[in-house]
Amino acid sequence: MKADHPNHRGNVVPFRTRSGGGRDPVDDAGSGNILRMLDLSKFEHQRPAVENRPSMRSNIAAMVLLGLLVFIATEDFSRLEQSNLCFDKSECRN
């Protein structure tokens, strides 16, 4: 089968010979094309200005609330553990 023969069968892709002086097509591509492809500025967006004080206050309040909830849960679990340990014993402290 010749290289430029159009009658091919099945999924076989015909092979085309290079035309020209054997130059690689990559050599013809300018460096500007590569830089344009690698330029990510088209995905950049301006962020709205955010004030840090209100968000910091809400974060501190959330942290205090979380700490309070963890403390309450720890006390409840310690009471539950104490009641389970004292279930069969008559010598339990209240």
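All values derive from a computational prediction rather than experimental measurement.

## Considering the overall build of the protein
Line of reasoning, step 1. If you tally the helices and strands in the protein, you get 3 helices and 0 strands.
Line of reasoning, step 2. Across the protein, helices and strands are ordered from the amino to the carboxyl terminus as α-α-α.
Line of reasoning, step 3. Counting the 94 residues in the protein, one finds 1% classified as buried.

## Thoughts on a nonpolar patch on the surface
Line of reasoning, step 1. There is a patch of nonpolar side chains on the surface, built from Leu65, Leu68, Leu69, Phe71 and Ile72 and spanning about 490 Å² of accessible area.
Line of reasoning, step 2. As for its position among the elements, Leu65 is in helix H3 (residues 52-85).

## So, the confidence of the model for the protein
Line of reasoning, step 1. Residues with a pLDDT of 70 or more make up 67% of the protein, whose mean pLDDT is 76.
Line of reasoning, step 2. Averaged over each element, pLDDT in the protein is lowest for helix H1 (residues 25-28) (52) and highest for H3 (91).

The rules we used
- Residues numbered from 1 in each chain as written.
- Predicted model: local features only at pLDDT ≥ 70, side-chain atom pairs only at ≥ 80, totals over all residues.
- Heavy atoms only, no water.
- Helix = DSSP H or I, 4+ residues; strand = E, 2+ residues; numbered from the N terminus.
- Buried < 20%, exposed > 50% of the residue type's maximum accessible area, 1.4 Å probe, protein only.
- Patch = residues over 30% accessible without salt bridge, like charges linked within 9 Å, V, L, I, M, F, W, Y side chains within 5 Å.
- Areas by Shrake-Rupley, 256 points an atom, 1.4 Å probe, with all protein chains shown as cover.
- Salt bridge = Lys/Arg side-chain N within 4 Å of Asp/Glu carboxyl O.
- pLDDT = per-residue confidence, 0-100.

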